[in-house]
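Below, each chain spelled out in residue letters.
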There are 2 protein chains.
Amino acid sequence: LVAWKKSVIHTTTTLDLANQSCPIYLGTNIYAATKLLRAHIVGHQVMVVTQEKIAEWYLDSLRKALAEYQCDIIFLPEGEQYKTLLQWQKIMDYLLEKNHERATTLIALGGGVVGDITGFAAACYQRGVNYIQIPTTLIAQVDAAIGGKTGVNHASGKNMIGAFHQPQCVITDITVLDTLPQREYIAGLAEIIKYGLIADAKFFAWLEQHIAALLARDKNVLLQAIHTCIHHKVAIVKQDAHDIGIRNILNFGHTFGHALETIGSYESLLHGEAVAIGMLLAAKLSARLNWITVTDSERIEQLLCAAGLLQTLEFPPAADFLRLMRQDKKVLGGKLNLILLKTIGQAFKTSVTEQEIGLVLEKYC
Amino acid sequence: LVAWKKSVIHTTTTLDLANQSCPIYLGTNIYAATKLLRAHIVGHQVMVVTQEKIAEWYLDSLRKALAEYQCDIIFLPEGEQYKTLLQWQKIMDYLLEKNHERATTLIALGGGVVGDITGFAAACYQRGVNYIQIPTTLIAQVDAAIGGKTGVNHASGKNMIGAFHQPQCVITDITVLDTLPQREYIAGLAEIIKYGLIADAKFFAWLEQHIAALLARDKNVLLQAIHTCIHHKVAIVKQDAHDIGIRNILNFGHTFGHALETIGSYESLLHGEAVAIGMLLAAKLSARLNWITVTDSERIEQLLCAAGLLQTLEFPPAADFLRLMRQDKKVLGGKLNLILLKTIGQAFKTSVTEQEIGLVLEKYC
């Protein structure tokens, strides 16, 4: 078990929306800080949703911090293939079995899958209850845990069933990353690099300088990187909580990435790994269409490589790839809507012909 | 088939909330008015959710009015016992099968069960899409279709899974009531009487004068009654959309009523019939606790009787009744939270000892 050390909140970033305000605490040893939790729990009941592996490391401390509440625990199986209505229903059943009231608080202790299902359970239990996000993966800390997107996958597509439901707060603790396997840690770097690409050229350059320190998990560099990502995510979600405009740019690399994930049935590639390849392809396409320079597309490829991404470049045949991309996004007159780069640090939505996409894909597939 | 006649919107009442504004149109021959529908449909796709019996009368006209859209139809089985996650999932599957996009609009053509499931499907499909309510029962027109409460039942309780999700508009057409069986029509009168009891003494007195005309379905009296109910429902929901305060008073009679429905497994009593008995018991209890006078409780009993309600007074043993009421609502120190009457026209939330409730129940059970 992790010995308990002094809790330090390094930064607090607040996501202010019309109806609600969600603080995102970034710190060390804060995931089981009683005061912090208590400040965001209304009733006398909580239910922690987690997974066996995570629980092994962190559940005991969290449970102790929640000693004053009726605290029920439910475990989800590992993996994106379990982000299903069935698992969501199990949470519903258990909440009812344990007589949870409208004043209950759900606590998601885990990565993106745990956070998304828990948030969706909170969105629908008795027409909406509170929940708290404690993301335990780097990718969830910089992306999924912030912004209130919740949901599950359907056989026909990712996140097809869900809701927008903001958590009461997000507790982002870098100490819980200590037990994160290196492959998953690296996958998280993909989404960090994404913020540099879509919104912050200076941050991209800073990442080029600090990628070795990040890979070595230098605490100060990591805190600065995560803080910058939280800052950008919050700024974007604030402008467009329901993802009908600017928030779309967060999908940079994701249309390509989703196609790769679908081919692998969510098993062979981690989400971040698929997004990294997707960002590479989107960058190459942006260069081909004369938005960014070839030099810039090479800088992007180099940073992704230096981060340890792009190790598993398994490409399907270009035709299969395109077919899957067509399923993910609406095709209008043979064109696909994609997020591309105008420059490093600025993304935009555009429509590209399947032919242009095909030419880039064929170079790699 | 119903011959098509001139559409007349008699009144428009708008439910204004922080994020959204929902007009409630009350009129004659408006359920399939193309202009009205078109004004509230954004994309090029709609899915009508309905039931066989209703479809027989009204689907063809509605379909014609929607000729310009991709219009898919899905049928739900009849009855509260089918207000389940399974039926909700069938809608999700069908939306995906027919490639409905985020800009789609669901249309609920039916009573409360259809409206509640459809609204919940709209709340969760791709994290929320638009929907339109076309309530075809009196009870849905004056209650369920207004206010954005959506959801399904769980084996452990009514409406345990759901969301608050406001429709784009509600199209309340009294002509569709022409085919409503008298028993269901009468059940709707229970909720109409409820508004008089909880919020409007003058309306209660007006109902005493006009109950015969209402039973005979006099169009003008019916329009006036429904309009008054819409007005009160909107005023209450406006103050408390998420049902954490004043909106509770709409549950007058419902804690008793839910217990009766549970005993009958939602089959022997219609919801309105159960609520009518519940209101009678709540009124008797209010008199017993010296809030309303015995004369007032007799006026209430007389109006419910005159409306044709209270015909099937099948009471379970008082002890069973109390046990079920305990399940529906939280018990604190042997007391149950209930909505009672201070006077005719004014409801309030209070906690009552089980003993007091038992004394009233024993008189009837």
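Residues numbered from 1 in each chain as written. Chains lettered and ligands numbered in written order. Predicted model: local features only at pLDDT ≥ 70, side-chain atom pairs only at ≥ 80, totals over all residues. Heavy atoms only, no water.

**Q** Help me understand the overall build of chain A in this model?
**A** In terms of helices and strands, chain A carries 13 helices and twelve strands. Relative to the 2.2 N^0.38 estimate, which gives 21 Å for 365 residues, the radius of gyration of chain A is 20 Å and therefore close to what a compact globule would have. Each principal axis of the C-alpha atoms in chain A carries an extent, and together these give about 60 × 40 × 35 Å. Expressed as a percentage of contacts within chain A between residues at least 6 apart in sequence, the contacts between residues at least 24 apart total 73%. Total accessible area on chain A is roughly 14100 Å²; 51% of this is exposed by carbon and sulfur atoms. Seen as two clouds, the 33 positive and the 34 negative side-chain charges of chain A have centres 4 Å apart. (Helix = DSSP H or I, 4+ residues; strand = E, 2+ residues; numbered from the N terminus. Rg over C-alpha atoms; globule rule 2.2 N^0.38 Å. Contact = heavy atoms within 4.5 Å. Areas by Shrake-Rupley, 256 points an atom, 1.4 Å probe, with all protein chains shown as cover. Lys, Arg positive; Asp, Glu negative; His and termini not counted. Charge placed at Lys NZ, Arg CZ, Asp CG, Glu CD.)

**Q** Mind showing me how you'd approach the interface of chain B and chain A here?
**A** You'll often see interface size given as the accessible area lost when the parts meet. Listed per partner, the contact involves 31 residues of chain B and 31 residues of chain A. Summed over both partners, the interface of chain B with chain A buries about 2500 Å², with 55% contributed by carbon and sulfur atoms. Among the residues of chain B in contact with chain A, B:Leu96, B:Arg127 and B:Met160 are the three that bury the most area, contributing 29% of the side total. Summed over the shared surface of chain B and chain A, the number is zero salt bridges. There are twelve residue pairs in polar contact (both at pLDDT 80 or more) connecting chain B and chain A. Mapped onto the side of chain B that touches chain A, the elements with two or more residues apiece are helix H3 (85-97), helix H4 (112-124), strand E7 (149-154) and strand E8 (157-164) of chain B. Considering only residue class, the side of chain B that touches chain A consists of 14 nonpolar, ten polar and seven charged. (Buried area = accessible area lost by both parts, 1.4 Å probe. Salt bridge = Lys/Arg side-chain N within 4 Å of Asp/Glu carboxyl O. Polar contact = N/O pair within 3.5 Å; in protein donor to acceptor, adjacent residues only side chain to side chain. Nonpolar A, V, L, I, M, F, W, Y, C, P; charged D, E, K, R; others polar.)

**Q** For this particular structure, what's the right way to read H4(B)?
**A** Side chains that are three or four residues apart share a direction in an α-helix, a result of its 3.6 residues per turn. All names here are of chain B. Look at H4: 18 Å from first C-alpha to last across 13 residues, which is about the 18 Å you get at 1.5 Å a residue. Of all 13 residues in H4, twelve are buried; the element is thus mostly enclosed. Residues of H4 that are buried include every one of Val 113, Val 114, Gly 115, Asp 116, Ile 117, Thr 118, Gly 119, Phe 120, Ala 121, Ala 122, Ala 123 and Cys 124, and no others. Phi for Gln 126, located one or two positions after H4, is positive at around 50°. (Expected span 1.5 Å × (residues − 1). Buried < 20%, exposed > 50% of the residue type's maximum accessible area, 1.4 Å probe, protein only.)

**Q** Quick question: what am I supposed to make of the sheet that holds strand E9 (residues 169-173) of chain A here?
**A** The pairing of strands in a sheet comes from backbone hydrogen bonds and takes either a parallel or an antiparallel form. All names here are of chain A. The mixed open sheet is built from seven strands, whose spatial order is E1-E2-E9-E6-E5-E3-E4. Strands at the two margins of the open sheet, each flanked by one partner only, are strand E1 (8-16) and strand E4 (70-75). The sheet shows a mean angle of 20° between the axes of neighbouring strands, direction not considered. Examined bridge by bridge, strand E3 (residues 45-50) and strand E5 (residues 105-110) share four bridges and lie parallel to one another. Each bridged residue has a counterpart across the sheet, and for Met 47 the counterpart in E5 is Leu 106. (Pairing = 2+ DSSP bridges. Axes fitted to C-alpha atoms, helices over the stretch in contact; angles between N-to-C directions.)

**Q** It is not clear to me how the pairing of strand E12 (residues 346-353) of chain B should be interpreted in this structure. Could you clarify?
**A** Two faces, one strand: in a regular strand the side chains alternate between the faces of the sheet. All names here are of chain B. Here eight bridges tie strand E11 (residues 335-343) to E12, and the two strands are oriented antiparallel to one another. Among the inter-strand pairings, Lys 335 is bridged to a residue of E12, identified as Thr 353. Hairpin connection between E11 and E12: a loop of two residues separates the two successive antiparallel strands, and Gly 345 in this loop has a positive phi of roughly 105°.

**Q** Is there a simple way to explain the environment of A:Pro181 in this structure?
**A** Residues and elements named next belong to chain A. Checked against the element boundaries, Pro 181 lands in the loop between E9 and helix H6 (182-199). Assessed through its relative accessible area of 41%, Pro 181 is described here as partly exposed. Once the C-alpha coordinates of Pro 181 and Pro 135 are considered, the two residues, 46 residues apart in sequence, prove to be 15 Å apart.

**Q** What am I meant to see in helix H8 (residues 219-239) of chain A here?
**A** A rise of 1.5 Å per residue sets the reference length of H8(A), with its 21 residues, at 30 Å; its end C-alpha atoms lie 30 Å apart and thus fit the reference within 8%. Looking at where H8(A) begins, the residue whose side-chain oxygen comes 3.0 Å from the main-chain nitrogen of A:Asn220 is A:Asp218.

**Q** Just to check I follow, could you spell out the relation of the copies chain B and chain A for this structure?
**A** Each of the two copies of the chain can be brought onto the other by a rotation about an axis and a shift along it. For the pair chain B and chain A, the relating rotation is 180°, the translation along its axis is 0.0 Å, and the fit reaches an RMSD of 0.0 Å. Here the transformation between the copies is reduced to the relation of a two-fold axis. Identified as the residue of chain B closest to the rotation axis by C-alpha distance is B:Ala18, at 4.0 Å. Taken together, the interface assignments show that 100% of the residues at the interface of chain B recur at the interface of chain A, consistent with an identical surface on both copies. (Least-squares fit on C-alpha atoms with pLDDT ≥ 70 in both.)

**Q** What should I look at first to understand the side chain of B:Gln141 in this one?
**A** All names here are of chain B. Residue position: Gln 141 is located in helix H5 (residues 138-144). A residue is classified by how much of its surface remains accessible, and Gln 141, at 0% relative accessible area, is buried. Within the structure, Gln 141 has its side chain in polar contact with the backbone oxygen of Asp 173 (distance 3.1 Å). Once residues within four sequence positions are removed from consideration, Gln 141 is found in contact with Pro 135, Ile 146, Thr 172, Asp 173, Ile 174, Val 176, Leu 177, Ile 226 and Ile 230.

**Q** It is not clear to me how the environment of A:Glu191 should be interpreted in this structure. Could you clarify?
**A** All names here are of chain A. Positionally, Glu 191 belongs in helix H6. In the structure, Glu 191 is positioned 111 residues away from Gln 302 in sequence and 16 Å away in space, judged by C-alpha atoms. Apart from the residues lying within four places of it in its own chain, the contact partners of Glu 191 are Ile 139, Val 142, Asp 143, His 254, His 271 and Val 275.

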